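Each chain, letter by letter, is given below.
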Amino acid sequence: MKIVISAIDGNLNAAVDPRFGRAAYFLLTDPGTLDFEAFPNQNADAGGAAGIQSAQWVVKNGAQAVITGRCGPNAFRVLDAAGVQVFDGAEGTVGEVISAWKNQELNKLEKVED
């Protein structure tokens with residue numbers, strides 16, 4: 001399984017970035033092994049539609065779930081349509097939220113209001 005986590009830096013000790021679409025980094029992780037790849041978010045400075053473009057990147061990279069601080073409605077619709085689970089309200093380090101995800105302690109987003 002692959003999970004994308006929004007982060008302020010490219011390592012497991014980095015804090016979760018509270019923004020999804022404009023996160024500094026995306027960590028594509030395997031929660032079972034803690035193997036990961038860090039990707040600077042190419043959409044962080046986009047003039048518009050950063051959330052949609054970031055969601056498309058997640059889908060393109062085959063992730064089944066996203067963990068972030070906040071996911072906007074447009075990004076959520078793209079992720080939800082592709083079957084990607086979204087967990088928001090995450091705080092702490094990437095390593096901590098992976099542990100919380102494994103223990104089913106994160107808030108799964110079911111819908112987002114405009």
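Residues numbered from 1 in each chain as written. Predicted model: local features only at pLDDT ≥ 70, side-chain atom pairs only at ≥ 80, totals over all residues. Heavy atoms only, no water.

**Let's talk about the overall build of the protein**
Then, number 1: For the protein, the count of helices and strands is 3 helices and 6 strands.
Then, number 2: Relative to the globule expectation of 13 Å for 114 residues, the C-alpha radius of gyration of the protein, 12 Å, shows essentially globular dimensions.
Then, number 3: Referenced to the eigenvectors of the C-alpha coordinate spread, the extents of the protein come out at roughly 35 × 25 × 25 Å.
Then, number 4: Buried residues in the protein amount to 44% of all 114 residues.
Then, number 5: Across the protein, every contact between residues at least 6 apart in sequence was considered, and the portion connecting residues at least 24 apart equals 47%. (Helix = DSSP H or I, 4+ residues; strand = E, 2+ residues; numbered from the N terminus. Rg over C-alpha atoms; globule rule 2.2 N^0.38 Å. Buried < 20%, exposed > 50% of the residue type's maximum accessible area, 1.4 Å probe, protein only. Contact = heavy atoms within 4.5 Å.)

**Some remarks on the sheet that holds strand 3 (residues 36-40)**
Then, number 1: One open sheet holds the 6 strands; their spatial order is 3-2-1-4-5-6, and the pairing between them is mixed. With one partner strand each, in any of the chains shown, strand 3 and strand 6 (107-108) form the two edges of the open sheet.
Then, number 2: The pairing of strand 5 (residues 85-88) with strand 6 spans 2 bridges and is antiparallel. Bridge assignment links Phe87 to a residue of strand 6, and that residue is Lys108. (Pairing = 2+ DSSP bridges.)

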